[in-house]
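A structural walkthrough
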Amino acid sequence: MSWADHSEPFWAGNTSSLYIGLWALRKVSMLTAPPTHTTREARERPPLLPSLGDLQDEEEARTPVTPIEHMPIGRPRPYLVAIAGPRTGETFRLSRPLVIGRGPSAALRLADERVSRRHAEVRYVGGQTLLLRDLGSANGTYVRGKRVHEQLLRSGDRIELGDGNILRVAWLDPIEEQFQLQLADAALRDGLTHVYNRRYLRQRLCTELAFAQRHSIHVALLVVDVDHFKAVNDGFGHQAGDAVLQKAAEVMLAELRSEDVLARWGGEEFAVLARSPEGRSATALAERLRLRVAETHFVHEQPLHISIGVAVYPTGMRKTDLVRVKERVTTSDELGAALADALIGAADEALYRAKRTGRNRVVSSADLSLDG
């Protein structure tokens, strides 16, 4: 007899066999199926925190690491944006591992005594993740207020180091990058000539002088005035005057080193901050600027000349001023500001002498009778 010969289901009239079969099936499923709930102990146990290496492995497994230079055009790229400290407003693209420090080999240089020569390094590790490593700094590297030796960084994280320097991590696409640069330009640069503005140069001067005082190096300030500039405006119009200032800035900038700072000081005046020149080399730099401007053809086709006052810390400053400055200040910031005021005064005095004695010349404060 086959199953097909039954007119009723095979389990009809045999319910006890059915119950036993269902019970056995349920026990087997309980042994083999994954649990559908967790115990109270498992629910309350805190998850284990992954290590830095685990996070990196997970990130790299999820997103293959593409070298930054091979990223598609238009994709967001990593940047550090200075939001506090002497380099506020500046933006630094991480096209390769970036060393932060105050030494000459640092790609992002901070003139701060509390920053080590090679303080920290930031590099791209994949996805939208950066790796920050402290390089054995004396005063530490901080993220979210906590000192770290090695830390993964995401967009919006802030790196704190030295005396109030804060760098924010940002991933910017080309439009956002351009917007950030425009913000920096508005804060740091002169709108007409696109060299730095007076506020930025003074801030850098204070920082450089505080550093120079501690490390016994020279810092030079050149104050430049365009001779007879009013005659250009009156005779050829203000547009010609603007073009003259733009061209003069371009000519001077071409003669400077990348580490020097050129700023529009106000009106037809410019200023140059140059680190580590001896007094003689600062005067030679000023002479080169004067000659290059005199050799240049400007829009109004008239010869243009400049007068320059040079002051070098510490050799071109009154000894009495230096003593007075050191006696009345208590902090590094106060020292830098007081030395800046004294150096600006010495450069202004030298410029006034150049204007009064015929213009189109360079006068150094060291040549004046400063102690007389």
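Summarised in this report is the structure supplied together with it. Owing to the predicted nature of the structure, the values given are computational and were not obtained by experimental measurement. Residue numbers here run from 1 along each chain, matching the order of that chain's written sequence. For this predicted model, a pLDDT threshold of at least 70 governs which residues receive local features, and a threshold of 80 or more governs which side-chain atom pairs are given and counted, while totals over whole chains, interfaces and linings are taken from all residues. Heavy atoms throughout the structure, all of them, feed into the side-chain values; hydrogens and water do not.

1. What to know about the packing of aromatic side chains
By convention here, two paired aromatic rings are described through the distance between centres and the angle between planes. Applied cut-off: Stacked, tilted and edge-to-face pairs are distinguished by plane angle, under 30 degrees for stacked and over 60 for edge-to-face with tilted covering the rest, among Phe, Tyr and Trp rings (Trp via its six-membered ring) whose centres lie within 6.5 Å. Three exposure classes are used, based on accessible area relative to the maximum for each residue type with a 1.4 Å probe and protein chains only: buried under 20%, partly exposed in between, and exposed over 50%. Remark: a charge is flagged as sitting over a ring if the NZ atom of Lys or the CZ atom of Arg is within 6 Å of the ring centre and within 35 degrees of the ring normal.
With the rule as written, the count across this model stands at two aromatic pairs. Their ring planes at 20 degrees and their centres at 4.2 Å tell us that Tyr-196 and Tyr-200 sit as a pair that is stacked. In this structure, Tyr-196 and Tyr-200 share a single accessibility class: buried. For the cation-ring pair, Arg-198 lies above Trp-265, with the distance from its terminal atom to the ring centre recorded as 4.0 Å.

2. Observations concerning the environment of Leu-167
Counted only if it meets this: In DSSP terms, a helix is any run of H or I states spanning at least four residues, a strand is any run of E spanning at least two, and both are numbered starting from the N terminus.
When you line up the elements, Leu-167 lands in strand 11 (residues 165–172). Given the relative accessible area of 2%, Leu-167 is considered buried. Once the C-alpha coordinates of Leu-167 and Arg-87 are considered, the two residues, 80 residues apart in sequence, prove to be 9.6 Å apart.

3. Regarding the nonpolar core
Where a protein is soluble and globular, its nonpolar side chains tend to be buried together. Applied cut-off: Residues grouped as a nonpolar core are buried Ala, Val, Leu, Ile, Met, Phe, Trp, Tyr and Cys residues, joined through side-chain atoms within 4.5 Å.
Counting 33 residues, the largest nonpolar core has Leu-201, Leu-205, Leu-209, Leu-221, Tyr-313, Leu-339 and Leu-343 as the members making the most contacts within it. At the level of elements, helix 4 (174–188), helix 5 (198–215), strand 12 (219–226), strand 13 (261–266), strand 14 (269–275), strand 15 (306–313), helix 9 (319–328) and helix 10 (332–356) are the ones that each hand at least two residues to this core. With ten residues, the single largest contributor to this core is helix 10. Residues Ala-220, Val-244, Ala-274 and Phe-298 belong to the second largest nonpolar core, which totals 30 residues.

4. Observations concerning the packing of helix 5 against helix 10
How two helices pack is summed up by the angle between their axes together with the distance between the axes. Rules: The angle between two axes is taken between their N-to-C directions and runs from 0 to 180 degrees, where each axis is a line fitted to C-alpha atoms and a helix contributes only its stretch in contact. Comment on the angle field: the value is read as roughly parallel under 35 degrees, roughly antiparallel over 145, roughly perpendicular from 65 to 115, and oblique elsewhere. Contacts between residues were defined by any pair of non-hydrogen atoms, one from each residue, lying within 4.5 Å. Here the nonpolar group is Ala, Val, Leu, Ile, Met, Phe, Trp, Tyr, Cys and Pro; Asp, Glu, Lys and Arg are the charged ones; every other residue, Gly included, is treated as polar.
Between helix 5 and helix 10, the least distance of the axes is 8 Å, while the angle of their chain directions is 110 degrees. Compared by their axis directions, helix 5 and helix 10 come out roughly perpendicular. Between helix 5 and helix 10, the residues in contact are Arg-202, Leu-205, Cys-206, Leu-209, Ala-210, Gln-213 and Arg-214 and Ser-332, Leu-335, Gly-336, Ala-337, Leu-339, Ala-340, Asp-341, Leu-343 and Ile-344, respectively. Partitioned by chemical class, the residues of the contact of helix 5 with helix 10 number ten nonpolar, three polar and three charged.

5. Examining the environment of Gly-127
By the element assignment, Gly-127 lies in the loop between strand 5 (120–126) and strand 6 (129–134). Sequence separation between Gly-127 and Arg-154 is 27 residues; the distance between their C-alpha atoms is 9.8 Å.

6. What to know about the side chain of Asp-260
Quick reminder of the rule: Two N or O atoms count as a polar contact when they lie within 3.5 Å, although within protein this holds only if one can serve as hydrogen donor and the other as acceptor, and sequence-adjacent residues are included solely when both atoms are side-chain atoms.
Examined against the element boundaries, Asp-260 turns out to sit in the loop between helix 7 (238–255) and strand 13. Polar side-chain contacts of Asp-260 include one of 2.8 Å to the side chain of Arg-257. Ignoring anything within four residues of it in the chain, the contact list for Asp-260 reads Leu-273, Ala-274 and Arg-275.

7. Structural notes on the pattern of salt bridges
Just so we agree on the cut-off: Salt bridge, as applied in this entry: a Lys or Arg side-chain nitrogen positioned within 4 Å of an Asp or Glu carboxyl oxygen.
Taken as a whole and assessed by the stated rule, the structure comprises 18 salt bridges. Here Asp-341 makes a salt bridge to Arg-202, at a shortest N to O gap of 2.8 Å. One end of the pair, Asp-341, is in helix 10; the other, Arg-202, is in helix 5, with 139 residues separating them in the sequence. The shortest N-O distance in the salt bridge between Arg-292 and Glu-255 comes to 3.1 Å. With a gap of 37 residues between them, Arg-292 in helix 8 (residues 279–295) and Glu-255 in helix 7 connect regions that are remote in the sequence. Judged by relative accessible area, Arg-292 falls into the partly exposed class, the value being 31%. Among the charged side chains, a salt-bridge network with shared partners connects Glu-255, Arg-288, Arg-292 and Glu-295.

8. Describing the pairing of strand 15
We apply this condition: Strands were regarded as paired on the criterion that DSSP finds at least two bridges between them.
Counting buried positions along strand 15 yields eight of eight residues, so the element is predominantly enclosed. By the alternation rule, side chains of strand 15 split into Ile-306, Ile-308, Val-310 and Val-312 and Ser-307, Gly-309, Ala-311 and Tyr-313, which are all buried. Sheet topology places strand 12 next to strand 15; eight bridges connect them, and they run antiparallel. When the sheet's bridge partners are listed, Leu-222 is paired in strand 15 with Val-310. Across three bridges, the pairing between strand 15 and strand 16 (residues 362–364) is parallel. Paired with Val-310 across the strands is Ser-364, a residue of strand 16.

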